[in-house]
Amino acid sequence: MYDLIIIGSGPAGLSAAIYARRAGLSVLVFEKLPMGGGQAVNTYEVDNYPGLSGISGFDLAMRFFEHAKKAGAEFVQAAVTGVTDQGKKKTVHTAQKDYEAKAVILAAGAVHRKLNVPGEETLAGRGVSYCATCDGAFYRDETVVVAGGGDVAAEDAIFLARTCKKVYVVHRRDRLRAAGSLQEKLFSLKNVEMVWNATVTEILGTQQVEGVLVRTTDKTATRRIDAKGVFIAVGIVPESAAFAGLLETDEDGYLRAGEDCVTNVPGIFAAGDIRQKKLRQIVTAVADGANAVTSAEAYLLGM
Ligand code: NAP
């Protein structure tokens, strides 16, 4: 039985692994994808992580990973299907086998929210993408559309504008949610055109994306924009479904836990983007990892 099982190897999970190993705990980290690092690996540039200005998200995530590995955390690639609470023993289930631990930190993060419009599913991977840094290179000198108005939409549009002929940003309001510095950069780019107060209502094309239909939010006008790629950046949804029966969530599915990462189940903690919180950043995720381990240590001492 491990002292601690951590589910998820994004910044929160890896930070927790480092802190837990420094506390002398035996640690097993689960990651369902072949590559860990969480959403950070798809971020072209991270400019707000103290001391590492301008580092790529991939490099930062790999540094976290190497650090956790060097600290002695064990890793397994498997999708966790659920956790059973038996008091002093927690069982973590995967399709292949079960694992046991005294405490568990849920740091499974979040995934892209879908737009849920016609064409999104059928053209996924054929012009519809949720990752500009992964797929942007396919659209050199082409026109693309970015849907959304948050940090990710702004970052994606800035990244795409480096190589694409034209980037339309379709946002449902008249102002962005993205950080001011990103907005400033975005608005300075000559090949970026903002389409305000509008949403993508359909993605057009048969074999490949050919364009999008965009409707004003007051529903008075619809226009077609010809484009080869559509990058959807309309937010995230927490990866909490496997734990929702056991743990309390808010109306959006985020696990209810305070800054100490303590959930309603003793010995199970929530850290990073999966937790209900105000600010979702790499720096707040790594802080959660440290807080969750501190709470887990207190729990283990009291067992
Ligand atoms: P987000 O901040 O939640 O923004 C989602 C955007 O999509 C919002 O502008 C929202 O519009 C729009 N939207 C949501 N549902 C929509 C729909 N059905 N149709 C059309 N538009 C829709 O999500 P995010 O940009 O993916 O970022 C996720 C989290 O990671 C955020 O907390 C963000 O701050 C953080 N992050 C930080 C950085 C950084 O610090 N550099 C980088 C990346 C991500 P409204 O504005 O009208 O709600």
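Before any of the text, the structure's been laid out above.
A few words now on the sheet that holds strand E8 (residues 128–129). The parallel open sheet is built from five strands, whose spatial order is E8-E15-E9-E10-E11. The open sheet has two edge strands with one neighbour each: E8 and strand E11 (192–195). Bridge count for strand E9 (residues 143–147) against strand E10 (residues 166–170) is five bridges, and the pairing is parallel. Residue pairing in the sheet places Ala 147 in a bridge with Val 170 of E10. Together, E9, E10, E11 and strand E15 (229–232) form the strand contacts of helix H4 (residues 151–161), whose direction differs from that of E9 by roughly 170 degrees.

Quick look at the site of the ligand now. Not every one of the 18 residues close to the ligand is listed here, only the nearest: Asn 48, Asp 151, Arg 173, Arg 177 and Gln 281. Within the backbone of Gly 149, a nitrogen or oxygen atom sits 3.1 Å from an oxygen atom of the ligand. In the model, an oxygen atom of the ligand is placed 3.4 Å from a nitrogen or oxygen of the Arg 280 main chain. Across the complex, the protein chains shield 79% of the 910 Å² of accessible surface that the ligand would expose by itself. Broken down by class, the residue content of the shell around the ligand amounts to four nonpolar, seven polar and seven charged.

Taken together, the three strands give an open sheet; going across it, the order is E12-E13-E14, and neighbouring strands pair in antiparallel fashion. Each edge of the open sheet carries a strand with a single partner, namely strand E12 (198–204) and strand E14 (222–226). Across the sheet, the mean angle separating the axes of adjacent strands is 30 degrees when strand polarity is ignored. Note that strand E13 (residues 211–216) and E14 share five bridges and pair antiparallel. Residue pairing across strands places Val 214 opposite Arg 223, the latter belonging to E14.

With that out of the way, let us pick up the pattern of salt bridges. In total, this model carries ten salt bridges according to the counting rule given. For Asp 3, the salt bridge is made with Lys 102, and the minimal N-O distance between the two is 3.2 Å. One end of the pair, Asp 3, is in strand E1 (residues 2–7); the other, Lys 102, is in strand E6 (residues 98–106), with 99 residues separating them in the sequence. Exposure remark for Asp 3: the relative accessible area of 16% places this residue in the buried category. When its relative accessible area of 30% is taken as the criterion, Lys 102 is described as partly exposed.

Calculation notes
Residues numbered from 1 in each chain as written. Predicted model: local features only at pLDDT ≥ 70, side-chain atom pairs only at ≥ 80, totals over all residues. Heavy atoms only, no water. Pairing = 2+ DSSP bridges. Helix = DSSP H or I, 4+ residues; strand = E, 2+ residues; numbered from the N terminus. Contact = heavy atoms within 4.5 Å. Axes fitted to C-alpha atoms, helices over the stretch in contact; angles between N-to-C directions. Near = heavy atom within 4 Å. Polar contact = N/O pair within 3.5 Å; in protein donor to acceptor, adjacent residues only side chain to side chain. Areas by Shrake-Rupley, 256 points an atom, 1.4 Å probe, with all protein chains shown as cover. Nonpolar A, V, L, I, M, F, W, Y, C, P; charged D, E, K, R; others polar. Salt bridge = Lys/Arg side-chain N within 4 Å of Asp/Glu carboxyl O. Buried < 20%, exposed > 50% of the residue type's maximum accessible area, 1.4 Å probe, protein only.

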